[in-house]
Amino acid sequence: MSERHACRALSQPRSTQRYALQERDDDKALIERMLALVCEHPRFGYRRIWALLRGEGRRVNRKRVYRLWRKEGLKVPQKQRKRRRLGNSDNGCVRHRAEHIDHVWSYDFVMDQTVDSRPVKLLPIMDEYTRECLCLDVARSIKAADVIETLRQLFAVRGAPRFMRSDSEGNQGGSPNPEFIAQAVRDWLAESGVETLYIEPGSPWENGYCESFNSRLRDELLNRELFMDLREAKVVVEDYRLSYNHRRPHSALGYVTPASFAAKARAETGASAAGTGSATLRLPQQPKETAEIGTPTLITPGT
């Protein structure tokens, strides 16, 4: 069928079939900036790239970013989504949601290694309401005493939360972590007036906020970086934590950063200014870590 007959059958003007898209003068500069952001954040989709561009002050809508995204052949390989289950525990993140800042914190372990195949253990602590990563400890080994010391420092700076959510068994890669079942941790939290929310064994989806952060951490950092030693791991991981809090748009927060969302929430609720800078908190490292790497840590208290 000819173009004339086809357009007549569809009641469509022939000019729409002959229209040639005219590139805007600033498309080239916008594409260059998009490609730079994609190189910097290869796991970001076009929506998050659009949010970053808007954050830089560029007047661009999401449809235009998507059109240029498709034109450049950009895409993020899709992963198969695991089935979400509600779980049987009343302590899960679905049944027991965080309602305000410092209402529920959660923590878990993430394992990695340096190039010499020695293990590296990471301890992220999250505020489930603001999605802030309050702390991201890095060490060869983290025991119950180390967990208590990290929490003690956070409580002193930010204040204690109402609840702490964690894995009741602390399984990481099939090996038990005694930190989460250590009676010392439970007793210390009880003395601090913090209630515990232990999820059901083998139900990581009940600790969904921390698991989601762990997934982003591994996808955007750990799978892309080779750590030469523990010192480098600490510096790079801390830089990622600050970037996650202050520069990475979070889709669940309307594509604003966790730090911006927390500041807005405090302003709306008139919360106390104490702990306002907790998103940028750099906790002092344990003395044993300093002895292990042989030189003073690069991250000092109060910086």
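Thresholds, definitions, all that
Residues numbered from 1 in each chain as written. Predicted model: local features only at pLDDT ≥ 70, side-chain atom pairs only at ≥ 80, totals over all residues. Heavy atoms only, no water. Helix = DSSP H or I, 4+ residues; strand = E, 2+ residues; numbered from the N terminus. Buried < 20%, exposed > 50% of the residue type's maximum accessible area, 1.4 Å probe, protein only. Areas by Shrake-Rupley, 256 points an atom, 1.4 Å probe, with all protein chains shown as cover. Axes fitted to C-alpha atoms, helices over the stretch in contact; angles between N-to-C directions. Parallel < 35°, antiparallel > 145°, perpendicular 65-115°, else oblique. Contact = heavy atoms within 4.5 Å. Nonpolar A, V, L, I, M, F, W, Y, C, P; charged D, E, K, R; others polar. 1 Å grid on protein atoms, 1.4 Å probe; cavity = no way out; pocket = protein on both sides within 12 Å on 5 of 7 lines; lining within 4 Å. Points joined across faces, edges and corners; volume = space filled by probe spheres on them. Pairing = 2+ DSSP bridges.

1. Considering the overall build of the chain
In terms of helices and strands, the chain carries 11 helices and 6 strands. The proportion of buried residues among the 303 residues of the chain is 44%. If you sum the accessible surface of the chain, you get close to 16,800 Å²; carbon and sulfur atoms cover 50% of it.

2. Regarding the packing of helix 3 (residues 27–40) against helix 5 (residues 62–71)
In the contact formed by helix 3 and helix 5, the axes pass within 11 Å of each other and the chain directions differ by 75°. Relative to helix 5, helix 3 is oriented roughly perpendicular. On helix 5, the residues that touch Asp-27, Leu-30, Ile-31, Met-34 and Val-38 of helix 3 are Arg-64, Val-65, Arg-67, Leu-68 and Trp-69. Within the contact of helix 3 with helix 5, the residues separate by chemical class into 7 nonpolar, no polar and 3 charged.

3. Considerations on the layout of surface pockets
Rolling a probe over the atoms, with the probe sized like a water molecule, indicates the empty space that remains. Of the voids in this model, the second largest pocket is the one considered here, and its volume is about 380 Å³. Forming the boundary of the second largest pocket are 19 residues, of which Glu-40, His-41, Arg-224, Tyr-240 and Ser-243 lie nearest the centre. Every element with two or more residues in the lining of the second largest pocket is listed here: helix 3, helix 8 (208–222) and helix 9 (230–246). Top element by residues in the lining of the second largest pocket is helix 9. It accounts for 5 residues. Split by residue class, the lining of the second largest pocket holds 8 nonpolar, 2 polar and 9 charged.

4. A few points about the pairing of strand 3 (residues 119–127)
Counting buried positions over the 9 residues of strand 3 gives 8, a clear majority of the element. Relative to strand 3, strand 1 (residues 104–107) runs antiparallel, the two sharing 3 bridges. Considered in strand 3, the bridge of Trp-105 is made with Asp-127. Bridge analysis of strand 2 (residues 110–113) against strand 3 gives 4 bridges, and the strand direction is antiparallel. Its bridge partner being in strand 3, Met-111 is matched across the sheet by Lys-121. Once strand 2 ends, the chain turns through 5 residues before running back antiparallel as strand 3, passing Ser-117 with a positive phi of about 70°. Pairing of strand 3 with strand 4 (residues 132–139) involves 7 bridges; the strand directions are antiparallel.

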